[in-house]
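# Descriptive analysis of the structure
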Amino acid sequence: MKIIPLSEGAFTIDQTKVFVPFDIAKDKLQERPRGSLLVEIQPFLVVTQNDVILLDTGLGFMSNGVMQLHENLALYGFSTNDITKVLMSHLHRDHSGGLTLEDPYHHTWHLGFSNATVYVHHKELDFALYTQNASYDSERLKILAHNDKVVLLNDEGIIDGYIHHQFSGGHSPFHQVFWIHEDKKIVFFGGDEAPQLHQMKTKFVTKYDHDGKRAMELRQQWWNQANNQNWRILFYHDIGTPIG
Ligand SMILES: [Zn+2]
């Protein structure tokens, strides 16, 4: 199993929920609005015996007319057509932006990975499409409904005998997490409920979680299990430690 972080870079985010690029070498956090959070935005590619799996899809950040995510894939010798599965923890903008692409002539959206099956919790999709919430871009996500490339997941199950998915519901009401098992190795992707290494080690409730207490308790539980069972954890928002 090979794990490749596909960072779109560092960004700050404040109450406006807009992600602003942040150059760690040049920019100063004090110069961003008060309460700004500094985060990496980092989808992961996991190459297994049978699949090329993308875990969350980033902001869909564009640089010079090209999607950063596509450039990152190309850097490692992959094209969008190589992806066989896309596993979505949840559908907030910074996780689902790279999932869709806009047709510049017709201004319609389509899936960005033509050969991939997309896995999303069925209630997360409903929530993203039918509630007014600034964290979701429902216009872009509409194409996920009634789409034969999209598998709508229930609360818990196993995909193809080796990917375990489970409802977690701490960060967004219908957030889910994944374990990938191969060759006695366990890779854990906790999305925004295990976003950074330091959050796993410290006990605190965040303001931006839907159910902060639940998210905190899940982090503690996973951190203990991870240490006992030697998991590798993929940190989507960590500046500096993508894999722990
Ligand atoms: Zn989120």
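Look up: the structure comes first, before these words.
In short, a report on the structure. Note that the structure is predicted; figures quoted are calculated from it, not measured. (Residues numbered from 1 in each chain as written. Predicted model: local features only at pLDDT ≥ 70, side-chain atom pairs only at ≥ 80, totals over all residues. Heavy atoms only, no water.)

### Observations concerning the sheet that holds strand S3 (residues 19–22)
Put simply, the test is: A pair of strands is considered paired only if DSSP assigns at least 2 bridges between the two. Only DSSP runs of H or I with at least four residues qualify as helices, and only runs of E with at least two residues qualify as strands; both kinds are numbered from the N terminus onward. Axis geometry follows a simple rule: fit a line to the C-alpha atoms, using only the stretch in contact for helices, then measure angles between N-to-C directions, giving values from 0 to 180 degrees.
Within the open sheet, the three strands sit side by side as S3-S2-S4. Their pairing is antiparallel. Looking at the sheet topology across the chains shown, the edges are occupied by S3 and strand S4 (37–41). Going from strand to strand, the sheet's axes swing by 40° on average, the running direction of each strand aside. Where strand S2 (residues 9–13) meets S3, four bridges bridge the pair, whose relative direction is antiparallel. When the sheet's bridge partners are listed, Ala-10 is paired in S3 with Phe-22.

### Details of the environment of Val-120
The following threshold applies: Two residues qualify as a contact provided that any one of their heavy atoms is within 4.5 Å of a heavy atom in the partner residue.
Within the fold, Val-120 resides in strand S12 (residues 117–121). Spatially, the C-alpha atom of Val-120 lies 22 Å from that of Arg-232, the residues being 112 residues apart in sequence. With residues up to four places along the chain from it excluded, the contact list for Val-120 reads Met-88, Leu-91, Val-150, Val-151, Leu-152, Leu-153 and Gln-176.

### Let's talk about the packing of aromatic side chains
Which entries qualify depends on this criterion: Here the aromatic set is Phe, Tyr and Trp, taking the six-membered ring for Trp, and pairing holds for ring centres within 6.5 Å; pairs whose planes are under 30 degrees apart are stacked, those over 60 apart are edge-to-face, and all others are tilted. Under the scheme applied here, a residue whose accessible area is under 20% of the maximum for its type counts as buried, over 50% as exposed, and between as partly exposed, the area being computed with a 1.4 Å probe on protein chains only.
Summed over all chains, the structure comprises nine aromatic pairs. Measuring from ring centre to ring centre gives 5.1 Å for Trp-179 and Phe-188, while their planes differ by 35°; the resulting arrangement is tilted. The exposure class of Phe-188 is buried, given its relative accessible area of 0%. Three or more aromatic residues joined by ring pairs form one cluster here, namely Trp-179, Phe-188, Trp-222 and Trp-231.

### Comments concerning the side chain of Ser-89
With respect to the helices and strands, Ser-89 occurs in the loop between strand S9 (85–87) and helix H2 (93–96). Here Ser-89 falls in the buried class, since its relative accessible area comes to 1%. In this structure, Ser-89 is in contact with Asp-56, His-95, Phe-174, His-175, Gln-176, Phe-178, Phe-189 and Gly-191, ignoring residues within four places of it in sequence.

### Re the nonpolar core
Threshold: In plain words, nonpolar cores are sets of buried Ala, Val, Leu, Ile, Met, Phe, Trp, Tyr and Cys residues tied together by side-chain atoms within 4.5 Å.
In terms of nonpolar packing, the biggest core is built from 26 residues, with Leu-45, Leu-54, Ile-83, Val-86, Leu-91, Phe-113 and Leu-144 touching the most fellow members. Of all the secondary-structure elements, those providing two or more residues to this core are strand S6 (52–55), helix H1 (68–75), S12 and helix H3 (122–130). With three residues, H3 is the single largest residue contributor to this core. With residues near it in sequence (within four places) discarded, Ile-83 still touches Leu-45, Val-52, Leu-54, Leu-73, Phe-113, Asn-115 and Ala-116.

### Overview of the coordination of the zinc ion
Where we set the bar: Coordinating donors are taken to be N, O and S atoms lying within 2.8 Å of the metal, or within 3.2 Å when the metal is Na, K or Ca; because water is excluded from the atom set, some sites may appear incomplete.
Around the zinc ion, the protein contributes the donor atoms His-90 (NE2), His-92 (ND1), His-171 (NE2) and Asp-192 (OD), which lie 2.1 to 2.4 Å from the metal centre. Mapping the donors of the zinc ion onto the primary sequence yields the spacing H-x1-H-x78-H-x20-D. Taken together, the residues His-171 in the loop between strand S15 (163–167) and strand S16 (176–182) and Asp-192 in the loop between strand S17 (185–189) and helix H5 (197–201) connect sequence positions 21 residues apart. When its relative accessible area of 5% is taken as the criterion, Asp-192 is described as buried.

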